[in-house]
Amino acid sequence: MGYGIKTMTLDNFLQFITNYILPFMGLPLLGVVVGAWLTNSFFPFRLKRREWRWEKELWAKELFFETVARIRFIADHYLKGEYEEKFSMSGLGLREADEEIMRLVKELHSIGHKLKLYLSKSDSKLFEEYLRDSQIEYDAAKESWGMWYQDDELSPMQHTENTIAGQGQVAAKVLERFQLSS
């Protein structure tokens, strides 16, 4: 009596797909595709960005503290060589030590905008203080330059040595604060 063959209409076909095929095959397949995309595209880029950021932060911190340590080393060893009758391990004379320290300080000032982007907040604050203090030392040296008698040949050398010592003290203060924060 009623074994009639049902004809499949478009509505019946779409209903069959949405009720049976899509939930059991389509959604898992979509999950696999999305998971593969996340695994191959999104997560590696996110990790790579984090790695790049970490490398830049490490670069900035190393450059800042290595440069400041070099300034302190040059200043300390020059002054020890002159006043404590010790051999100067920096191997620089008065003019070379002054020029090298000035070059290093200028380099930090000129690339400061790059370094500040990647330094942590505490290191960035320390960097700002270093830039300010080194500028103050050079400003004071500039103001007192030439404040001696014309025939006084010793004062220019002493002035330059005081400038070297001042920059060495600024560097020592920064390095000491860095060691305390580490």
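The following paragraphs examine the structure supplied in this document. (Residues numbered from 1 in each chain as written. Predicted model: local features only at pLDDT ≥ 70, side-chain atom pairs only at ≥ 80, totals over all residues. Heavy atoms only, no water.)

1. Thoughts on the overall build of the protein chain
Piece 1. Of the regular secondary structure elements, the protein chain holds 5 helices and 0 strands.
Piece 2. Helices and strands appear in the protein chain in the N-to-C order α-α-α-α-α.
Piece 3. In summary, the protein chain has a C-alpha radius of gyration of 34 Å against a globular reference of 16 Å for 182 residues, an excess of more than 25%.
Piece 4. Along the first, second and third principal axes, the C-alpha atoms of the protein chain reach 130 × 30 × 25 Å.
Piece 5. Every one of the 182 residues in the protein chain was classed for burial, and the buried ones make up 27%.
Piece 6. Within the protein chain, contacts between residues at least 6 apart in sequence are counted, and of these 72% link residues at least 24 apart.
Piece 7. Summing over all exposed atoms, the protein chain offers an accessible surface of approximately 13500 Å²; the carbon and sulfur share of this is 60%.
Piece 8. Of note, the protein chain has its 23 positive side-chain charges centred 14 Å away from the centre of its 27 negative side-chain charges. (Helix = DSSP H or I, 4+ residues; strand = E, 2+ residues; numbered from the N terminus. Rg over C-alpha atoms; globule rule 2.2 N^0.38 Å. Buried < 20%, exposed > 50% of the residue type's maximum accessible area, 1.4 Å probe, protein only. Contact = heavy atoms within 4.5 Å. Areas by Shrake-Rupley, 256 points an atom, 1.4 Å probe, with all protein chains shown as cover. Lys, Arg positive; Asp, Glu negative; His and termini not counted. Charge placed at Lys NZ, Arg CZ, Asp CG, Glu CD.)

2. Description of the packing of helix H2 (residues 94-110) against helix H4 (residues 121-144)
Piece 1. Where H2 meets H4, the closest approach of the two axes is 11 Å, and the angle between their N-to-C directions is 135°. On the basis of the axis angle, H2 is oblique to H4. The interaxial crossing formed by H2 with H4 has left-handed handedness. Only Phe-127, Tyr-130, Leu-131, Ser-134, Gln-135 and Tyr-138 of H4 make contact with H2, whose side of the interface consists of Ile-101, Met-102, Val-105, Leu-108 and His-109.
Piece 2. Counted by class, the contact of H2 with H4 contains 8 nonpolar, 3 polar and no charged residues. (Axes fitted to C-alpha atoms, helices over the stretch in contact; angles between N-to-C directions. Parallel < 35°, antiparallel > 145°, perpendicular 65-115°, else oblique. Left-handed = near helix turned anticlockwise from the far one by under 90°. Nonpolar A, V, L, I, M, F, W, Y, C, P; charged D, E, K, R; others polar.)

Keep in mind these numbers describe shape, not what the thing actually does.
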